[in-house]
Amino acid sequence: MALRTGDHSQAATNGLKEKVLTLDTMNPCVRKVEYAVRGPIVLRALELEQELRQGVKKPFTEVIRANIGDAQAMGQTPITFLRQVLALCVHPDLLNSPDFPDDAKRRAERILQACGGHSLGECQNLPKPQGGAGQALEEAVPGDGGSARWKGRVSSGGRQGDLTCPTRTPTLSFLSPGPGAYSISSGTQLIREDVARYIERRDGGIPADPNNIFLSTGASDAIVTLLKLLVAGEGGTRTGVLIPIPQYPLYSAALAELNAVQVDYYLDEERAWALDVAELRRALLQARDHCRPRALCIINPGNPTGQVQTRECIEAVIRFAFEEGLFLLADEVLAGAPAGRRRRAAARAPVTHPAVARPPVQVYQDNVYAEGSQFHSFKKVLTEMGPPYATRQELASFHSVSKGYMGECGFRGGYVEVVNMDAAVQQQMQKLRSVRLCPPTPGQVLLDVAVSPPAPSDPSFAQFQAELGLAPDMFFCLRLLEETGICVVPGSGFGQREGTYHFRMTILPPMEKLRPLLETLSQFHAKFTREYS
């Protein structure tokens, strides 16, 4: 029952004070949000689990959670090397323990050095540069009038830092991006550099700029950030975003919360959930009657449909987005990471960065299994299409450590790379990220290890590959087969001393084939050794 203004004080006295926040007074956009992955079915599943623990008889003995892509909740064992490096970063005293391999220690020390040599939760000031060449004050605003007269962002020599100054004139100081203490809002610089190198390897040497990479709280956080930048207008000018149907419910939920318009385009189930540009055009033209479509979301590989877009399809989508003036959002979370059970594409020679020594690594697509399927990143295809697409089409691509062989959902590590984004908008994106302070630093550490796993020369490589189901000699033989066409057998199938790796071949081919075979094998072995030793 509604109360008149004059009745409020009496109602409060009588204990009838109305709630300030009710379903009627709350944000109506939030009421429209639905997230089926954790909806009423899942809530009922939790109730059933509780009833089973209490001894209530059911026609089943356990609830099997097949509702969400949480590999470890379904029993997948965490990858040892990832957890070892994380443990060493969290508790550096373990660096003295003989229970951790040397390569895990080196990796942790490298990350800790980027944090001023401190553990998770600590940070120290670096020297304070007082102006000078190469420094750029990105933003400075009046502080709170207390401890800091000025606050802002500053970059110098490729590094970024937070500015706090107790004087009237801003001076520049850097805080090292200590994991656990706040890192810079876009993520630890060292880790963004490692992500950039991973992207370069994945895309066959196409450059990636760490300054265009933002680490995030899983891919979901980065996706919502981009949507916030895109959503504008009211009524018939409200932003519309094209999303695939079936879709991952994050998109419909985020668009509802932001009061944007969801524009559905349908994947073709009869053609294994293929994407058809004609269907994109139909959805776009219909949407323009009631909103202003500004973005096109592609989920590749598909979630929940699992299809992998062909290169020809990706090229057609890029042309469509360019012609229609749409910002491309490429959700590539399910593509996998640089390790896995099934190799689909070999990278070209890694791009070297002398400033940071990292072991080269072969790029895998551990979530792509179907024969004839191959993952192509939107950025790679966009770049190889050349101008005007490569120089003008706006793109954001997303990835995380939640899926693939990592399965580290709970640590919430991910990133977004932006391409051809307006520089002023990118500064606004940095500002928006800073409101959330920084992505979880343990997730940043796991992301760093995921994009640069152990190399064959590392002590942890054998166990790492074994946990993925791929022995080192199997790795060599697969590389040999796919790069040269020579088929040999891994030595592990015959038995070998632990820590040694062999392959077995016959000499039955005729001499005219055997000689070039041995020459090719010798060249490959030399190349493989240079690349991984």
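Residues numbered from 1 in each chain as written. Predicted model: local features only at pLDDT ≥ 70, side-chain atom pairs only at ≥ 80, totals over all residues. Heavy atoms only, no water.

Caption draft 1: Focus on the nonpolar core. Within the largest apolar cluster, 30 residues are counted, with the highest numbers of intra-cluster contacts made by Tyr265, Leu280, Leu296, Val317, Ile318, Leu328 and Phe378. With six residues, helix H10 (residues 311–324) is the largest single contributor of residues to this core. By size, the runner-up hydrophobic cluster in this structure holds 27 residues, among which are Leu226, Leu227, Leu230 and Ile299. (Core = buried A, V, L, I, M, F, W, Y, C linked by side-chain atoms within 4.5 Å. Buried < 20%, exposed > 50% of the residue type's maximum accessible area, 1.4 Å probe, protein only. Helix = DSSP H or I, 4+ residues; strand = E, 2+ residues; numbered from the N terminus.)

Caption draft 2: The arrangement of the pairing of strand E8 (residues 327–331) in detail. With five of five residues buried, E8 is to be regarded as a mostly interior element. Here E8 shows a buried face lined by Phe327, Leu329 and Asp331 and a second buried face lined by Leu328 and Ala330. Strand direction decides the pairing type here: strand E7 (residues 292–299) and E8, joined by five bridges, are parallel. Bridge assignment links Cys297 to a residue of E8, and that residue is Leu329. Between the parallel pair E7 and E8, the chain is carried across by H10, and the sense of this crossover is right-handed. Across four bridges, E8 lies against strand E9 (residues 395–400) in parallel orientation. Counterpart to Leu329 in the pairing with E9 is Ala396. (Pairing = 2+ DSSP bridges. Right-handed = clockwise from strand over helix to strand, strands pointing away.)

Caption draft 3: Highlighting the packing of helix H7 (residues 218–230) against helix H13 (residues 423–435). Their axes nearest at 11 Å, the elements H7 and H13 cross at an angle of 125°. Accordingly, the angle class assigned to the pair H7 and H13 is oblique. Note on packing geometry: the crossing formed by H7 with H13 is right-handed. Counting all contacts with H7, which are made through Asp221, Thr225, Leu226, Lys228 and Leu229, the residues of H13 involved are Val425, Met429, Leu432 and Arg433. Split by residue class, the contact of H7 with H13 holds five nonpolar, one polar and three charged. (Axes fitted to C-alpha atoms, helices over the stretch in contact; angles between N-to-C directions. Parallel < 35°, antiparallel > 145°, perpendicular 65-115°, else oblique. Left-handed = near helix turned anticlockwise from the far one by under 90°. Contact = heavy atoms within 4.5 Å. Nonpolar A, V, L, I, M, F, W, Y, C, P; charged D, E, K, R; others polar.)

Caption draft 4: Layout of the pairing of E9. The element E9 is extensively covered by neighbouring structure, given that six of its six residues are classed as buried. Two elements, E9 and strand E10 (residues 414–419), share six bridges in a ladder whose sense is antiparallel. Within the sheet, the bridge partner assigned to Ser400 lies in E10 and is Gly414.

Caption draft 5: Summary view of the side chain of Glu315. Tracing the backbone shows Glu315 in helix H10. You can call Glu315 buried: its relative accessible area is 19%. Once you skip the residues sitting within four places of it in the chain, Glu315 turns out to touch Val381 and Met385.

Caption draft 6: Geometry of the pattern of salt bridges. Counted according to the given criterion, the structure contains 19 salt bridges. Residue Arg44 is joined to Glu47 by a salt bridge in which the shortest nitrogen-to-oxygen separation is 3.1 Å. Of this pair, Arg44 and Glu47 both sit in helix H3 (residues 40–53), three residues apart, which is roughly one turn of that helix. When the shortest N-O distance is used, the salt bridge between Asp268 and Arg271 registers 3.0 Å. (Salt bridge = Lys/Arg side-chain N within 4 Å of Asp/Glu carboxyl O.)

Caption draft 7: Broad picture of the sheet that holds strand E6 (residues 261–266). With mixed pairing, the seven strands of this open sheet are ordered in space as E4-E10-E9-E8-E7-E5-E6. Looking along the sheet, the strands with just one partner apiece sit at the ends: strand E4 (213–216) and E6. Strand-to-strand twist across the sheet, computed as the mean angle between neighbouring axes with direction ignored, equals 25°. Packed onto the sheet, helix H8 (residues 250–257) meets strand E5 (239–245), E6, E7 and E8 and runs at close to 160° relative to E5.

Caption draft 8: Broad picture of the confidence of the model for the protein. Confidence in the prediction of the protein, expressed as mean pLDDT, is 74, and 72% of residues score 70 or more. The secondary structure element of the protein with the lowest average pLDDT is strand E1 (residues 135–142), at 40, and the one with the highest is helix H12 (residues 389–392), at 94. For residues 121–179, every residue scores under 50 in pLDDT, and the model assigns this stretch 129 contacts once sequence neighbours within four places are set aside. Note on residues 338–364: pLDDT under 50 across the span, and 87 contacts to partners over four residues away in sequence or across chains. (pLDDT = per-residue confidence, 0-100.)

Caption draft 9: Layout of the environment of Ile213. By secondary structure assignment, the location of Ile213 is in strand E4. Note: C-alpha distance between Ile213 and Val195 (18 residues apart in sequence) is 7.9 Å. Setting aside its immediate chain neighbours within four residues, Ile213 contacts Ser186, Arg192, Val195, Ala196, Ile199, Tyr415, Val416 and Glu417.

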